[in-house]
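Single-letter residue listing:
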Amino acid sequence: MTAEKTDIPGKVQIRRQMRSARRNLSRSFRRQASIGLLRSLDQSPQFRSARRIAVYLTNDSEIDTSFFIRTLQKRNKTLLLPVLHPLRKGHLSFLPYHSGSPMTTNRFGIAEPDFRRLKAVPASFISVICMPLVAFDESGNRLGMGGGFYDRTLAFMHRPGQRPSLIGCAYELQKMPALPAEPWDIPLNAIATEQKLHRF
Ligand SMILES: Nc1ncnc2c1ncn2[C@@H]1O[C@H](COP(=O)(O)OP(=O)(O)OP(=O)(O)O)[C@@H](O)[C@H]1O
Ligand SMILES: [Mg+2]
């Protein structure tokens, strides 16, 4: 999900550096990290007790979510995946994801449940949303791929009301001392890495 033309150069550079660092990780490190990621997520009481959890399928050498997704299926959680909303440009919609979900491929080449055949769940009804990121900082700021998809979809969180707990998933090496936070950026409640759960 890239659309970097309106970015300040700092963000473009950080994205390039972090994506390249991620790509250089070995297969055995990735495999171990996917197990560490679940251990860190399980440190979150919200995650442990959630009934509905939005997850994402790994893309672009992001930390591998397949291990924790399989575990959540065994725990009988209701899982959702983000899909690009076909009408609301730049927004995501969350659709049920289980072994029988009809899937398609979106314009970024990412597998997603079929919007035409499944009923979306409003983001405010989801207990925990696990999301990918390119970089994070010590205050819970998140830098994504630059499409603004999660920020637009979660803009309702600027107002009071029922809200999901947001957990970023990343490798520890994606941590930066500070990131530029824009007014539209939605800060995260926690970030789970292969090493630990960072709480904010
Ligand atoms: N709530 C919003 N309403 C309208 N435009 C928005 C909103 N949030 C973000 N945008 C637009 O999206 C663009 C990209 O935002 P940003 O750089 O924060 O992306 P990102 O968080 O890295 O991406 P993503 O969430 O897709 O991983 C910005 O230029 C901004 O104009
Ligand atoms: Mg953002």
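Residues numbered from 1 in each chain as written. Chains lettered and ligands numbered in written order. Predicted model: local features only at pLDDT ≥ 70, side-chain atom pairs only at ≥ 80, totals over all residues. Heavy atoms only, no water.

(A) View of the side chain of Asp42. Inspection of the secondary structure puts Asp42 in the loop between α2 (27–41) and α3 (45–49). Residue classification places Asp42 among the buried positions, given a relative accessible area of 19%. When near neighbours in sequence (up to four residues on either side) are disregarded, Asp42 contacts Phe47, Arg48 and Arg75. (Helix = DSSP H or I, 4+ residues; strand = E, 2+ residues; numbered from the N terminus. Buried < 20%, exposed > 50% of the residue type's maximum accessible area, 1.4 Å probe, protein only. Contact = heavy atoms within 4.5 Å.)

(B) Structural context of the coordination of the magnesium ion (ligand 2). Protein-derived coordination of the magnesium ion (ligand 2) comes from Asp151 (OD) and Asp185 (OD), at a distance range of 2.0 to 2.1 Å. Here the residue Asp151 occupies a position in helix α5 (residues 149–153), and Asp185 occupies one in the loop between β10 (175–176) and β11 (190–192), the gap between them amounting to 34 residues. We note that Asp151, like Asp185, is buried. (Donors = N, O, S within 2.8 Å, 3.2 Å for Na, K, Ca; no water.)

(C) Spatial organisation of the packing of aromatic side chains. Taken as a whole and judged by the stated rule, the model has three aromatic pairs. Between Phe47 and Phe68, the aromatic rings sit 6.3 Å apart at their centres with planes inclined by 70 degrees, giving edge-to-face as the arrangement. Of this pair, Phe47 sits in helix α3 while Phe68 sits in helix α4 (residues 66–74); the two residues are 21 residues apart in sequence, bridging distant segments of the chain. Owing to a relative accessible area of 0%, Phe68 belongs among the buried residues under this scheme. Ring centres of Phe108 and Phe149 lie 6.1 Å apart, and the angle between their planes is 90 degrees; on these two criteria the pair is classed as edge-to-face. Separated by 41 residues along the polypeptide, Phe108 in the loop between β4 (103–105) and β5 (111–113) and Phe149 in helix α5 bring together distant segments of the chain. The exposure class of Phe149 is buried, given its relative accessible area of 9%. (Phe/Tyr/Trp six-rings, centres within 6.5 Å; stacked < 30°, edge-to-face > 60°.)

(D) The arrangement of the pairing of strand β9 (residues 165–169) in detail. Taking burial as the measure, the five residues of β9 include five buried ones, the bulk of the element. Burial along β9 is two-sided: the face carrying Ser165, Ile167 and Cys169 and the face carrying Leu166 and Gly168 are both buried. Pairing of strand β6 (residues 128–132) with β9 involves five bridges; the strand directions are parallel. Note on β9: the bridge partner recorded for Val128 is Ser165. Here β9 runs beside β11; their pairing, made up of three bridges, is parallel. The residue of β11 that forms the bridge with Cys169 is Ala192. (Pairing = 2+ DSSP bridges.)

(E) Local environment of the sheet that holds β9. Spatially, the seven strands line up as an open sheet ordered β3-β2-β1-β6-β9-β11-β12, and their pairing is mixed. Strands with a single pairing partner mark the edges of an open sheet, and in this sheet they are β3 (92–96) and β12 (197–199). Each adjacent strand pair in this sheet contributes to an overall mean axis angle of 25 degrees, direction not counted. One ladder, built from two bridges, connects strand β1 (residues 52–54) with β6; its direction is parallel. (Axes fitted to C-alpha atoms, helices over the stretch in contact; angles between N-to-C directions.)

(F) Focus on the pattern of salt bridges. Under the defined criterion, the tally for this structure stands at seven salt bridges. A salt bridge links Asp42 to Arg75; its shortest N-O distance comes to 2.8 Å. With Asp42 in the loop between α2 and α3 and Arg75 in the loop between α4 and β2 (78–84), the pair connects residues that are 33 residues apart, well separated along the chain. A relative accessible area of 31% means that Arg75 is categorised as partly exposed. Residue Arg116 is joined to Asp114 by a salt bridge in which the shortest nitrogen-to-oxygen separation is 3.2 Å. A network of salt bridges, in which partner residues are shared, links Arg19, Arg22 and Asp60. (Salt bridge = Lys/Arg side-chain N within 4 Å of Asp/Glu carboxyl O.)

(G) Expanded view of the sheet that holds strand β8 (residues 142–143). Overall, mixed pairing links the three strands, which are arranged β8-β7-β10 in an open sheet. Across the chains shown, the open sheet's two edge strands, defined by having one partner strand only, are β8 and β10. Note: strand β7 (residues 135–137) against β8, two bridges, orientation antiparallel. In the strand pairing of β8, Ala135 is matched with Leu143.

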